[in-house]
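The residues making up each chain are set out below.
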Amino acid sequence: MNTPAKSNKEQKTNRITQVDSAPSRVQASKEKNAPQIPNSSDQGESSSHSNGGGNKGKASRAEASRRRRGDSNEAQWVKCRNCGKLIYKQHMEEMLFVCPECNFHFEIPGPVRINTLIDQGTFVERFSKITPQDPLKFSAKKAYKDRLNAAQKNTGLKDACIVGEGEMEQIPVVFGVSDSRFLRGSMGSVVGEKICRGLELASELSSPFIFVSGSGGGARMDEGILSLMQMAKTSAAVSEFSRQGGLFISILTNPTMGGAMASFAALGDVIIAEPKALIGFAGPNVIRQTIRSEIPDGFQTSEFLLEHGFLDFISDRSELKAEIVRLLRYLHLKE
Ligand SMILES: [Zn+2]
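Residues numbered from 1 in each chain as written. Predicted model: local features only at pLDDT ≥ 70, side-chain atom pairs only at ≥ 80, totals over all residues.

Take helix 8 (residues 189-205) next. Structural remark: α-helix, 3.6 residues per turn; residues separated by three or four positions point the same way. If you check helix 8, its first and last C-alpha atoms are 24 Å apart, about what 17 residues at 1.5 Å a residue would give, namely 24 Å. Taken residue by residue, helix 8 has V190, V191, G192, E193, K194, I195, C196, G198, L199 and A202 as its buried positions. The elements touched by buried residues of helix 8 are strand 4 (161-168), strand 5 (171-178), strand 6 (209-213) and helix 9 (225-243). At the exit of helix 8 stands S206, carrying a positive phi of roughly 50°. (Helix = DSSP H or I, 4+ residues; strand = E, 2+ residues; numbered from the N terminus. Expected span 1.5 Å × (residues − 1). Buried ≥ 20, exposed ≤ 12 C-beta atoms within 10 Å, placed from the backbone. Contact = placed C-beta atoms within 7 Å.)

Tracing the backbone shows I210 in strand 6. As a C-alpha pair, I210 and V270 span 60 residues in sequence and 9.8 Å in three-dimensional space. Among residues more than four places away in sequence, those in contact with I210 are V173, F175, I249, I251 and I324.

This part is about the confidence of the model for the protein chain. Across the protein chain, pLDDT averages 81, with 77% of residues at or above 70. Between residues 1-56, whose pLDDT stays under 50, and residues either more than four places distant or in other chains, the model counts 60 contacts. (pLDDT = per-residue confidence, 0-100.)

Let us look at the nonpolar core. Judged by nonpolar contacts, the single largest core of 51 residues is most densely connected at L199, F209 and I210. Looking at which element gives the most residues to this core, the answer is helix 8, with six residues. Residues within four places of L199 in sequence aside, it is in contact with F209, A237, V238 and F241. Of all hydrophobic cores here, the second largest spans nine residues; its members include V78, I87, F97 and F104. (Core = buried A, V, L, I, M, F, W, Y, C linked by C-beta atoms within 7 Å.)

Let's shift gears to the sheet that holds strand 3 (residues 124-126). The pairing of strands in a sheet happens through backbone hydrogen bonds and is either parallel or antiparallel. Read across the sheet, seven strands follow the order 3-4-5-6-7-8-9 without closing on themselves; strand pairing throughout is mixed. A strand with exactly one partner marks an edge of an open sheet, and here the two such strands are strand 3 and strand 9 (313-314). Seen against the sheet, helix 13 (residues 317-330) touches strand 4, strand 5, strand 6, strand 7 (248-252) and strand 8 (270-273) and runs at an angle of roughly 65° to strand 4. (Pairing = 2+ DSSP bridges. Axes fitted to C-alpha atoms, helices over the stretch in contact; angles between N-to-C directions.)

Cis geometry is found at the peptide bond from N254 to P255, where omega equals -10°. For P255, the position within the fold is in the loop between strand 7 and helix 10 (258-261). Of note in this structure, L96 is not a glycine but carries a positive phi near 60°. The topology assignment puts L96 in the loop between helix 5 (89-94) and helix 6 (110-117).

What follows deals with the pairing of strand 4. In terms of strand pairing, strand 3 meets strand 4 through three bridges, oriented antiparallel. Along strand 4, the bridge assignment pairs V124 with E165. Count of turn residues in the strand 4/strand 5 antiparallel hairpin: two residues, of which E169 carries a positive phi of about 45°.

Running from amino to carboxyl end, helix 8 crosses helix 9 at an angle of 10°, the nearest separation of the two axes being 8 Å. As summarised for this structure, helix 8 and helix 9 are arranged roughly parallel, according to the angle between their axes. In this structure, helix 8 uses S189, V191, G192, I195, C196, L199, A202 and S203 to contact helix 9, whose residues at the interface are L226, S227, Q230, K233, T234, A237, V238 and F241. Class assignment of the residues belonging to the contact of helix 8 with helix 9 gives a composition of nine nonpolar, six polar and one charged. (Parallel < 35°, antiparallel > 145°, perpendicular 65-115°, else oblique. Nonpolar A, V, L, I, M, F, W, Y, C, P; charged D, E, K, R; others polar.)

Here the focus is the pairing of strand 8. Relative to strand 8, strand 7 runs parallel, the two being bridged by four bridges. Looking at strand 8, one finds that I249 is bridged to V270. Relative to strand 9, strand 8 runs parallel, the two being bridged by two bridges. The residue of strand 9 that forms the bridge with I272 is F313.

This is how it looks when you write it as structure tokens:
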């Protein structure tokens, strides 16, 4: 749920995900190879853009392209917000967006998550036509409608969650992921509905349901009671799925907070988390103010929750697919 700390946090997340979520830029620079130090600016001049003819359109295109390359030089380096070290972005990307220095797991875009967990070419998105509405005509600092439009434009997604069918090492699964780039992965009506339909589909297909949560935003308060209702709705859907013998594996990534954590994300038959992920309900400041006492070190991290029996295990991102597949095989699901 939203907390007073939201605006700061949101800015921070946006900043980081902006850098994190530009694989295309990184790819473009990868083709030209050669790691660049942030301020070097000579690359633009030497590359093959010099066949520009006299016309004005071409000249302005070349200028735009030069500017883009300047941006991409800066975007090739990112400061780890856990250890503070400067990381070469291409290296981090090869490590699946994990800091090579301290193993901090950055947020990754939903489509990248699908590529890392689902067998190549097997993912088919479902329920993609469900789009968010603004029934309350809600407006805070910005109108919800404008925030939605901006998030849709920035991410290419209609809402914060992707659900579909795919295979993991040839085992059919129904798979979903919430994307923290989209309004902090918050759960509004669309996310809730897609999770419920995903569970129903998994039940129909007798497949396991696997959902990767990256919902730092919790319930989407722009949708008021309609977003809060998703907590009860998804919890009831998980319960019904479970009653029918379905297997739900919930994967908690940084950050999973608020209404998402207080409903479906905490209801997996097996709950796995990535290392050092922030997982909880209200933020630490809110809790500190409410209970008026200090909270333990490492509170609301995967490691703390594992120690206190809330998680089944923690898995590095590079091992996650193998761990899930091992689990699916162990539980004798059809292959
Ligand atoms: Zn680090």
